[in-house]
Amino acid sequence: MLDTQKSLRALLLASALLASSLPAQQTTPDTTGVKRSTEPLFTSRDAWIAGGFVVGTIALFPLDKHIAQNLQDQQNQSNRLFHHAATDVRLIAQPGALIIGGSMYAVGRLAHVERMADLGLHGTEAIVVGTILTGAIKGTAGRARPRLDTSRPHDFKFARGFRDGGEYMSFPSGHTLAGFAAASAVTAETHRWWPSSTWYIAPVMYGGATLIGLSRMYNNAHWASDVAMGALIGTFSGRKVVQYHHSHPHNRIDRWLLGASIVPTDNGWALAFSATPPSAMR
């Protein structure tokens, strides 16, 4: 548990340093997309990307049994490095991603670091949006987890997840969703501020999200196809939340939460709200 806490603190510190080290905000009018966009939120390119993920998920169905049984091999399961790494990355995904995102938002508002608050808010929102969608699919698909029987990867039953709880909510992976939603949101946000950073931020973030998915398979909690679909939903959640907020700068969530500040009062501290978020006033 100490190792996990250290990992969470280190990740939060690294995120804070990243946001604070980005180039200073411009004093001239912003040209990176704060004007309301006339482009559709979903495009034909998105359809091709989603189609690729869906095809990949379907292609994994015949391999689910083999992959699950191979990962549960005694030699793999007795590896202490794999065991501890799987536990750590799982906790970083949930509840770590929400803790980190919420902390970045709070620290950003308190310290008046707009980009940190923006990143924390939109990353957290992407996870919440994706989790709602994933929960609906989980309950409807009613897929049994591999730990119940690794020889039955096609054990689906309509709406069973809503009735019988977590053991029948395998498809898709919620932890993988959280990892990819955070990775997608961070990559999209930092690309807006610092385009040249994408070549190294994207591999780090998406690589970490992939490790989360692998950890869920190693722990026998998800099939490979669960992870693929979780990655799809997470990627789209992050990209579309960031795209929507920056193409609709006066939306209510940004007005309420990015326009909020923590201010001192006679009795301590209070949350004050501005009608216009800082990003919309540039």
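Residues numbered from 1 in each chain as written. Predicted model: local features only at pLDDT ≥ 70, side-chain atom pairs only at ≥ 80, totals over all residues. Heavy atoms only, no water.

Undergrad: What should I look at first to understand the packing of aromatic side chains in this one?
TA: The geometry of two aromatic rings is summed up by the distance between their centres and the angle between their planes. Inspection of every chain in the model, using the stated rule, returns six aromatic pairs. Ring geometry for Phe180 and Tyr206: centres 6.0 Å apart, planes at 50°, overall tilted. Residue Phe180 is located in helix H8 (residues 174-193), and its partner Tyr206 is located in helix H9 (residues 198-218); the two are separated by 26 residues in the primary sequence. Exposure remark for Tyr206: the relative accessible area of 23% places this residue in the partly exposed category. Put simply, the rings of Phe61, Phe156 and Phe171 pair up and form one aromatic cluster. (Phe/Tyr/Trp six-rings, centres within 6.5 Å; stacked < 30°, edge-to-face > 60°. Helix = DSSP H or I, 4+ residues; strand = E, 2+ residues; numbered from the N terminus. Buried < 20%, exposed > 50% of the residue type's maximum accessible area, 1.4 Å probe, protein only.)

Undergrad: In this structure, what is going on with the side chain of Arg160? I would like to understand it.
TA: As for its position among the elements, Arg160 is in helix H7 (residues 160-164). Exposure remark for Arg160: the relative accessible area of 9% places this residue in the buried category. Polar contacts involving the side chain of Arg160 include one to the main-chain carbonyl oxygen of Asp155, which spans 3.0 Å. In this structure, Arg160 is in contact with Gly139, Gly142, Arg143, Ala144, Asp155, Gly165 and Tyr168, ignoring residues within four places of it in sequence. (Polar contact = N/O pair within 3.5 Å; in protein donor to acceptor, adjacent residues only side chain to side chain. Contact = heavy atoms within 4.5 Å.)

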